[in-house]
Amino acid sequence: MRLALCNEVLRDLSFPAQCAFARAVGYDGLEIAPFTLSAEPHRLSAAETAGLRHIVEDNGLAVTGLHWLLVTPQGLSITAPDAAIRSRTRDILLGLLDLCAGLGGRVMVHGSPAQRQVAGGQSEQDAFAHARDLFSALAPEAGARGITYCIEALAPPDNHFVTTLAEAAQLVDSVAHPAFRTMIDTSAASAHEAEPVADLIRRWMPTGHIAHVQFNDANRRGPGEGRDRFAPVLGALAESGYAGDIAIEPFIYEPDGPACAARAAGYVRGLMEARGS
């Protein structure tokens, strides 16, 4: 299991400095939030993308994937009643698939709660149908690029559409394409699921729905900065045969992003070493 850092944690540093710091404190890769690269990341050229990849690889890292996909440009939605908005969103996500592939990433995590809201007067069924149709169009494109596209279950109050793994699995089953799956964000799962995260892993990993994991505490800080214990989570991942990446994604940086990133790497690396993994 490679350990990756969600790069927005270091967004105040230049991209080369992000890579150098992440490598120095023990990460194997970066999971990139596209908005940290450009206001229009879907328009980055092949040459620009290759240049970013070289910076990552020159620092001994890999890009593991993308997440937080739809922060920019403005006005995007996978659920909007307006077909033109959904079409523009699909086109931008196609561009991000090219970006992910060009960077060498193999996972795209679709969180972006603000861009999946159920509109006033819109039914949950209508929103679900729009999301299903959009992801059904994207899944073959992801598969052709060697990318697994994951819908992320996110907890209220930030999100009210696909809030549990069961709901995410329903969407995955509706799309029914091997390149479209879901993932576990430990903070969201701790906040909103009925079972402990380790038990969720044991229940859902054998179904084939889960393709990725992000580590963060229920308090929205990094792993090791709250009451959640991650040794049982790592144990459940190992028992299930999980061979994917673990991305560190805190939302609150105390005392700052670099310190949070370094502490999380040391904590998780220590647990991995204790397990012999």
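One structure accompanies this document, and this report is about it. Worth saying up front: this structure is predicted, and the values here are computed from it rather than measured.

Regarding the pattern of salt bridges
The full count for this structure, using the stated rule, is 14 salt bridges. One salt bridge connects E40 with R43, and the closest N-O pair in it is separated by 3.3 Å. For E40, a relative accessible area of 37% translates into the label partly exposed. Using a relative accessible area of 59% as the deciding quantity, one classes R43 as exposed. Here R202 ties to D199 by a salt bridge, and the two come within 3.3 Å at their closest N and O atoms. Of this pair, R202 and D199 both sit in helix 7 (residues 197-204), three residues apart, which is roughly one turn of the helix. A single network of salt bridges, built from pairs that share partners, joins R2, R106 and D245.

Description of the nonpolar core
Judged by nonpolar contacts, the single largest core of 74 residues is most densely connected at F135, Y149, F215 and L237. In terms of residue count, the dominant contributor to this core is helix 4 (residues 124-144) (eight residues). With sequence-adjacent residues up to four places away left out, F215 is seen in contact with T186, P223, F230, V233, L234, L237, I246, A247, I248, E249 and V268. In this structure, V107, V109, M183 and A211 belong to the second largest nonpolar core, which totals five residues.

Quick notes on the state of the cysteines
In the structure shown here, the tally under the stated rule is zero disulfides. Cysteine C260 shares no disulfide, and the gap to the nearest cysteine sulfur, in C6, comes to 11 Å.

Looking at helix 3 (residues 83-103)
An α-helical turn contains 3.6 residues, so a residue and the one three or four places further along point in the same direction. Along its 21 residues, helix 3 runs 30 Å from first to last C-alpha, staying within 8% of the 30 Å computed at 1.5 Å per residue. Taken together, the buried positions of helix 3 are R86, T89, I92, L93, G95, L96, L97, L99, C100 and L103. Structurally, helix 3 contributes buried residues whose contacts are with strand 2 (29-32), helix 2 (46-58), strand 3 (62-67), strand 4 (107-110), helix 4 and strand 5 (148-152). With a side-chain oxygen lying 2.8 Å from the backbone nitrogen of A84, the N-terminal cap of helix 3 falls on D82. Looking one or two residues past helix 3, G104 carries a phi angle of roughly 90 degrees, positive in sign.

Observations concerning the pairing of strand 2
Here strand 2 shows two buried faces, one formed by G29 and E31 and the other by L30 and I32. Pairing between strand 1 (residues 3-6) and strand 2: three bridges, direction parallel. Residue pairing across strands places L5 opposite L30, the latter belonging to strand 2. One crossover worth recording links strand 1 to the parallel strand 2 by way of helix 1 (residues 15-24), and it is right-handed. Relative to strand 3, strand 2 runs parallel, the two sharing four bridges. Bridge pairing in strand 3 links L30 to V63. The parallel pair strand 2 and strand 3, bridged by helix 2, forms a crossover whose chirality is right-handed.

Calculation rules
- Residues numbered from 1 in each chain as written.
- Predicted model: local features only at pLDDT ≥ 70, side-chain atom pairs only at ≥ 80, totals over all residues.
- Heavy atoms only, no water.
- Salt bridge = Lys/Arg side-chain N within 4 Å of Asp/Glu carboxyl O.
- Buried < 20%, exposed > 50% of the residue type's maximum accessible area, 1.4 Å probe, protein only.
- Helix = DSSP H or I, 4+ residues; strand = E, 2+ residues; numbered from the N terminus.
- Core = buried A, V, L, I, M, F, W, Y, C linked by side-chain atoms within 4.5 Å.
- Contact = heavy atoms within 4.5 Å.
- Disulfide = S-S within 2.5 Å.
- Expected span 1.5 Å × (residues − 1).
- Polar contact = N/O pair within 3.5 Å; in protein donor to acceptor, adjacent residues only side chain to side chain.
- Pairing = 2+ DSSP bridges.
- Right-handed = clockwise from strand over helix to strand, strands pointing away.

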